[in-house]
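Overview (structure and organization)
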Amino acid sequence: SAVISQKPSRDICQRGTSLTIQCQVDSQVTMMFWYRQQPGQSLTLIATANQGSEATYESGFVIDKFPISRPNLTFSTLTVSNLSPEDSSIYLCSFEGTGDDYEQYFGPGTRLTVT
Amino acid sequence: AQSVTQPDIHITVSEGASLELRCNYSYGATPYLFWYVQSPGQGLQLLLKYFSGDTLVQGIKGFEAEFKRSQSSFNLRKPSVHWSDAAEYFCAGVSGGYNKLIFGAGTRLAVHP
């Protein structure tokens, strides 16, 4: 199966700044997803990113706060803007496999701490 | 509303003991179901999945899960736990034709020597 990587693996940022997370897959994939995992919590879907179209955001997440780019079929970025301590979380990207069973493959995550 | 429920937040077992982690789902139709494991500082790794056919599915690392439609459950089992199994386990589901993966709250497994 394809390999998925994220950069950075972790970062410490000051409030009011922004962090851009990169997600790279070593083969072309149609659907990519971005999740947030708050401390001690489960995963919550932020948005679905398809190449060539605007990302689709879940309830509670807005483009101004979480702008997403998907310039091609192997790459996506998530920016977390105007950071506050409440944004301290692990952010994970994933992609959907080519089978018909909706299996998703996850990156290692980016651990963000906002001070 | 579609949901996945993991009733147990924490479970502690002794090494070598058997393990069962519970997962219940609420979907209009039979969902596609998954178990993922997250070790500290790691991403999610798929243990096993169910979408049709045999209701007892085998996964990696000696795990298996049984889909029971009558109980709306998809419990994860392992006959003998190893210390390296200590991790967070997530059950997840998606309804066919709608590829949003919904995760349960997770069960944190601790293994005593």
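Residues numbered from 1 in each chain as written. Chains lettered and ligands numbered in written order. Predicted model: local features only at pLDDT ≥ 70, side-chain atom pairs only at ≥ 80, totals over all residues. Heavy atoms only, no water.

1. Comments concerning the overall build of chain B
Short version of the rule: To qualify as a helix, a DSSP run of H or I must reach at least 4 residues; to qualify as a strand, a run of E must reach at least 2; elements of each kind are numbered from the N terminus. Computation of the radius of gyration draws on C-alpha atoms, with the globule rule given as 2.2 Å multiplied by the number of residues to the power 0.38. Between buried and exposed lies partly exposed: a residue is buried under 20% and exposed over 50% of the maximum accessible area for its type, with that area taken using a 1.4 Å probe on protein chains only. Note on contacts: a residue pair qualifies if any of its non-hydrogen atoms lie within 4.5 Å across the two residues. Accessibility throughout is a Shrake-Rupley quantity obtained with a 1.4 Å probe, and a residue counts as covered only by protein chains that appear here.
When its secondary structure is counted, chain B shows zero helices and 12 strands. If you list the helices and strands of chain B from N to C, you get β-β-β-β-β-β-β-β-β-β-β-β. On C-alpha atoms alone, chain B measures out to a radius of gyration of 13 Å, which is about the 13 Å that the 2.2 N^0.38 rule sets for 113 residues. Summarising its shape, the C-alpha atoms of chain B cover approximately 45 × 30 × 20 Å along the three principal directions. The proportion of buried residues among the 113 residues of chain B is 48%. The contacts in chain B between residues at least 6 apart in sequence include a share of 53% that link residues at least 24 apart. When the accessible surface of chain B is summed, it comes to about 5300 Å², and 49% of that surface belongs to carbon and sulfur atoms.

2. Quick notes on the pattern of salt bridges
Condition: Throughout this description, the term salt bridge denotes a Lys or Arg side-chain nitrogen within 4 Å of a carboxyl oxygen of Asp or Glu.
Under the definition given, this model contains eight salt bridges over all chains. Between A:E58 and B:K100 there is a salt bridge whose closest N-O contact spans 2.8 Å. Placement of the pair is A:E58 in the loop between β6 (56-57) and β7 (68-72) and B:K100 in strand β11 (residues 98-103), with the two residues belonging to separate chains. Classification of A:E58 as buried rests on a relative accessible area of 16%. According to the relative accessible area criterion, B:K100 is partly exposed, its value standing at 25%. Among the ionic pairs, B:K78 bridges to B:D85, the shortest N-O distance being 2.8 Å. Per residue, the accessibility class of B:K78 equals that of B:D85, and both read buried.

3. Points about the confidence of the model for chain B
Rules: Residue-level confidence of the predictor is what pLDDT reports, using numbers from 0 through 100.
The share of residues in chain B with pLDDT of 70 or more is 97%, and the mean pLDDT across the chain is 92. Here β11(B) stands out as the least confident element of chain B, with mean pLDDT 82; strand β3 (residues 19-21) of chain B is the most confident, with 98.

4. What about the state of the cysteines?
Counted only if it meets this: Note on disulfides: each one is a pair of cysteine sulfur atoms within 2.5 Å.
For the structure shown, the criterion picks out two disulfides over all chains. Note on cysteine connectivity: B:C23 is disulfide-linked to B:C91, with sulfurs 2.0 Å apart. Here the disulfide of B:C23 and B:C91 is left-handed, its torsion about the S-S bond being about -65°. Here B:C23, found in the loop between β3 and β4 (24-26), pairs with B:C91, found in strand β10 (residues 87-95); they are 68 residues apart in sequence, far enough to count as distant. For B:C91, a relative accessible area of 0% corresponds to the buried category. Looking at A:C13, it has no disulfide partner, and the nearest cysteine sulfur is the one in A:C93, 17 Å off.

5. A few points about the side chain of B:K78
In this structure, B:K78 sits in strand β9 (residues 73-78). Once residues lying within four places of it in the same chain are set aside, the contact partners of B:K78 are B:A17, B:S18, B:L19, B:K61, B:G62, B:F63 and B:D85.

6. Considerations on unusual backbone geometry
Along the chain, A:K7 connects to A:P8 via a cis peptide bond; the corresponding omega equals -10°. Among the structural elements, A:P8 can be located in the loop between β1 (4-7) and β2 (10-13). Non-glycine residue B:K61 carries a positive phi angle of around 60°. In this fold, B:K61 is placed in the loop between β7 (56-58) and β8 (64-68). Judged by relative accessible area, B:K61 falls into the partly exposed class, the value being 45%.

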